[in-house]
Amino acid sequence: MHKTAVLALHYQNEVLHPEGRIRVGVDDEAVRARVIDGATRLLAGARQRRLPIYHVRIAFRPDYADCPANTPIFRRTIELGAVKEGEWGAEFLTELQPQQNSDEFVVTHQRISAFAGTCLDNLLRIRQISHLIIAGVATHSVVEHTVREAVDRGYEVTIAADACAAGSAEFHDAALRSLALVAEVANVESAWRL
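Structure report, in brief.

Quick notes on the rules
- Residues numbered from 1 in each chain as written.
- Predicted model: local features only at pLDDT ≥ 70, side-chain atom pairs only at ≥ 80, totals over all residues.
- Heavy atoms only, no water.
- Axes fitted to C-alpha atoms, helices over the stretch in contact; angles between N-to-C directions.
- Helix = DSSP H or I, 4+ residues; strand = E, 2+ residues; numbered from the N terminus.
- Parallel < 35°, antiparallel > 145°, perpendicular 65-115°, else oblique.
- Contact = heavy atoms within 4.5 Å.
- Core = buried A, V, L, I, M, F, W, Y, C linked by side-chain atoms within 4.5 Å.
- Buried < 20%, exposed > 50% of the residue type's maximum accessible area, 1.4 Å probe, protein only.
- Pairing = 2+ DSSP bridges.
- Right-handed = clockwise from strand over helix to strand, strands pointing away.

### Observations regarding the packing of helix H5 (residues 139–152) against helix H6 (residues 169–179)
The geometry of H5 relative to H6 is characterised by a closest axis approach of 10 Å and an angle of 10 degrees between their N-to-C directions. Accordingly, the angle class assigned to the pair H5 and H6 is roughly parallel. Contacts between H5 and H6 involve Thr 139, His 140, Glu 144, Val 147 and Arg 148 from the first element and Phe 171, His 172, Ala 175, Leu 176, Ser 178 and Leu 179 from the second.

### A word on the nonpolar core
Tyr 11, Leu 16, Leu 124, Leu 132, Ile 134 and Ile 159 are the most contacted members of the largest nonpolar core, which totals 52 residues. Take this core: its biggest share by element is six residues, from helix H2 (residues 29–48). In contact with Leu 124, other than residues within four places in its own chain, are Ala 5, Leu 7, Tyr 54, Phe 115, Ile 129, Leu 132 and Tyr 155.

### Brief notes about the pairing of strand S4 (residues 131–136)
Of all six residues in S4, six are buried, a share of seventy percent or more. The alternating pattern of S4 places His 131, Ile 133 and Ala 135 on one face and Leu 132, Ile 134 and Gly 136 on the opposite face, and all of these are buried. The sheet contact formed by strand S1 (residues 4–9) and S4 spans six bridges and is parallel. Paired with Ala 5 across the two strands is Leu 132, which belongs to S4. Relative to strand S5 (residues 156–160), S4 runs parallel, the two being bridged by four bridges. Residue pairing in the sheet places His 131 in a bridge with Glu 156 of S5. Handedness of the crossover joining S4 and S5 through H5 is recorded here as right-handed.

Pasting the structure below:
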């Protein structure tokens, strides 16, 4: 039997709150509501099943000395003054806050994949996790990179697509079609059965 954990990626104010500076794909209120609803159900389902949850956030020093400016997406983050450590934008959305218990972890990263430069893999291996349910914003960025790296590290992966969003519906759908070659694509309800 697989030991399963949930990776909840970038459910932060800067990304999901209407006043956030990034809001990748959630300028549309219907998309924003769908993602928050999906993420809420995902976290509730994991808690009900007593599965570990790894809440992954992106945050940089206020001077951005740890931000890799080699990509347009991170140069834009700097221009916007977004996701600075210690500021409101880097915090988790109120509805999707981690709980203080031994089954929930917060991992902070500064690259596109949640694994790059973090202790995430070590935390998962300590619990002997072999199956990941992954969701977050944006599908074509942190979700895609994290899924691909997880698969390369030997994890079986299920993507909870209704708890994801991207810069556009086209980007979201294209990323999911591509990721279907390496991971199961499901909705929150069916992800538990895979």
